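As a plain string of letters, each chain reads:
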Amino acid sequence: MSGATNKANLQPAYVLHSRPYRDTSLLLEVLTPEFGRVGLIARGARGPKSKIRALLQPFRGLLVSWSGRGELYTLNNVEEVTPTRSLHGDGLASGFYLNELLMRLTERHDPHPRTFSGYVRAIEALAVGAAGPRALRLFEKYLLEDLGYGLLLDHDAVTLEAIEEDQLYCYEIERGPVAAQTCVGGVMMRGHSLISLHNDELEDPDSLQEAKRLMRSVLGWYLGARPLRSREMVYAVVDGGIGWSRDDEPR
Amino acid sequence: MGYSPLIDRLVESLRCLPGVGPKSAQRMAFHLLERNREGALALSDNLRQAVEGIGNCRSCRTLTEHDQCSLCASDRRDRTVLCVVETPADVLVLEKATGFRGLYFVLMGHLSPLDGIGPKELGMDLLLDRLDQGEIVEVILATNATVEGEATAHYISQAARSRGIRSTRIAHGVPLGGELEYIDGGTLSHAFADRRET
Ligand SMILES: [Zn+2]
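Nothing here was measured: the structure is a model prediction, and the numbers come from that model.

Quick notes on the rules
Residues numbered from 1 in each chain as written. Chains lettered and ligands numbered in written order. Predicted model: local features only at pLDDT ≥ 70, side-chain atom pairs only at ≥ 80, totals over all residues. Heavy atoms only, no water. Phe/Tyr/Trp six-rings, centres within 6.5 Å; stacked < 30°, edge-to-face > 60°. Helix = DSSP H or I, 4+ residues; strand = E, 2+ residues; numbered from the N terminus. Buried < 20%, exposed > 50% of the residue type's maximum accessible area, 1.4 Å probe, protein only. Lys NZ or Arg CZ within 6 Å of the ring centre and 35° of its normal. Pairing = 2+ DSSP bridges. Axes fitted to C-alpha atoms, helices over the stretch in contact; angles between N-to-C directions. Contact = heavy atoms within 4.5 Å.

Q: Could you give me a rundown of the packing of aromatic side chains, with the residues and numbers involved?
A: Tallied over the entire structure, the rule returns eight aromatic pairs over all chains. Measuring from ring centre to ring centre gives 5.2 Å for Tyr 14 of chain A and Tyr 119 of chain A, while their planes differ by 75 degrees; the resulting arrangement is edge-to-face. With a gap of 105 residues between them, Tyr 14 of chain A in strand E1 (residues 6-21) and Tyr 119 of chain A in helix H2 (residues 113-128) connect regions that are remote in the sequence. For the residue pair Tyr 14 of chain A and Tyr 119 of chain A, the accessibility class agrees, reading buried in each case. Judged by centre distance (5.2 Å) and plane angle (70 degrees), the ring pair of Phe 100 of chain B and Tyr 104 of chain B falls under edge-to-face. By the burial criterion, Phe 100 of chain B is buried, and Tyr 104 of chain B matches it. An aromatic cluster of at least three residues, connected via ring pairs, comprises Tyr 14, Phe 116, Tyr 119 and Phe 139 of chain A. For Arg 195 of chain B, the ring lying beneath its charged end belongs to Phe 192 of chain B, and the centroid distance is 5.5 Å.

Quick look at the structure:
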């Protein structure tokens with residue numbers, strides 16, 4: 001980063017993570033459309049008289065202003081866009097999953113406008129408890145695109161022909177879908193699901209399920225060996241406690 | 001500085017206290033040495049004894065110098081109700097402010113996946129063992145009103161439900177004496193959503 005002063009005024013933002021900084025401050029990681037992930041210091045936010053601490057909770061749509069130079073900026077002002085409905089229960093676990101993905105896969109100061117809008121839609125869907133899985137899959141798709149790992153979804157990686165609804169494909173990571181009847185080391189998908197994901201539809205349960213398997217496999221590739229901790233947030237009845245329920249995947 | 005290595009070391013040690021920077025640490029050191037050597041000795045004795053003698057209660061994990069804390073050992077507490085809190089300080093606050101007669105369980109933190117703290121790191125298995133023993137009929141979730149506190153409460157409530165144990169969450173909302181106009185939107189929406197029959 002250069003020595004120039006960086007300033008932003010009323011930038012839309014969501015807090016992804018916060019941790020104590022010095023005695024009474026917080027070090028925040030926020031997601032913004034124009035500046036990507038930004039590290040901000042909220043001075044005095046942990047003090048007993050702090051009025052902004054409640055605002056600085058994750059999953060609340062904020063407008064933030066900052067200034068400073070270097071890697072970390074100083075938060076000057078924060079307000080809430082509109083009172084946000086808070087996340088509850090499993091929605092909260094899915095919210096942590098989104099934040100963990102962003103913390104793990106994005107770098108500071110890389111702008112990700114599509115990821116941001118996908119994030120806002122996912123948080124809103126999780127808050128009302130409807131269409132959460134669809135919003136999560138679309139968020140994952142936009143995130144991969146913004147990171148430069150966009151999925152090939154509209155044509156066969158070998159023949160370059162358009163994906164056919166009724167054909168079966170083997171999706172190979174970093175290559176794309178290849179028409180096949182068997183699939184080793186890839187994810188088997190119906191053409192219909194690929195097209196549905198390509199068009200941001202995902203309205204039928206089968207497409208949703210196949211898109212989830214594809215995303216899990218692709219994201220797992222980029223995340224590497226370290227597992228996502230947010231998967232442990234939901235109490236799993238089947239294995240007696242520690243871990244993720246049934247499908248071992250955020251909804 | 002530098003004319004007395006012992007003073008330097010004392011100043012440096014005092015800086016481990018929260019809110020104490022180099023200036024206040026120096027003030028404290030000189031105050032103790034110039035005006036209150038007796039107090040300083042008592043402080044150092046008590047500090048050493050406390051650090052060496054205090055561990056965690058084997059039942060609820062709060063801080064105690066005994067194997068089991070006085071609340072867990074008492075025969076006057078209701079052993080069927082368990083209140084789950086994040087820190088030992090929360091136990092003190094609730095004991096003072098409420099007439100709660102049950103027992104506590106201190107998590108010593110909360111679930112925080114982005115900080116690498118999952119159920120295992122939090123020692124959730126000790127709490128689950130406790131629920132499995134069959135004595136408890138109600139779990140009161142008194143974790144903080146943060147997203148992590150909320151997620152932790154949700155996790156425990158699911159564990160309780162799967163064992164047929166009732167779980168309740170302390171209410172969050174408008175503080176006593178609070179005027180609606182001055183309450184932040186999140187608190188107000190929470191209070192609104194959690195409204196009850198009157
Ligand atoms: Zn105890």
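Q: Can you break down the sheet that holds strand E2 (residues 25-32) of chain A residue by residue, with the values?
A: Residue and element names in this part refer to chain A. Reading around the barrel, the five strands line up as E1-E2-E3-E5-E4 and close back on themselves, with mixed pairing between neighbours. Across this sheet, the average inter-strand angle for adjacent strands is 55 degrees, counted without regard to direction. In this sheet, strand E5 (residues 72-80) lies alongside strand E3 (residues 36-42) in parallel orientation, the contact comprising three bridges. Across the sheet, the residue bridging to Ile 41 is Thr 74, located in E5. Sheet strands touched by helix H1 (residues 89-105): E1, E2 and E3. Its angle to E1, the strand with the most contacts, is close to 105 degrees.

Q: An account of the sheet that holds strand E6 (residues 168-172) of chain A is needed here, citing residue identities and associated values.
A: Residues and elements named next belong to chain A. Taking strand neighbours across the sheet as the criterion, the three strands line up as E7-E6-E8 in an open arrangement whose pairing is antiparallel. A single partner strand is all that each edge strand has here, and the edge strands are strand E7 (176-179) and strand E8 (187-190). If you compare each strand with its neighbour and ignore which way they point, the axes differ by 40 degrees on average. In terms of strand pairing, E6 meets E8 through four bridges, oriented antiparallel. Note on E8: the bridge partner recorded for Tyr 171 is Val 187. In this fold helix H4 (residues 191-198) packs onto E6, E7 and E8, with an angle of close to 85 degrees to the strand it touches most, E8.

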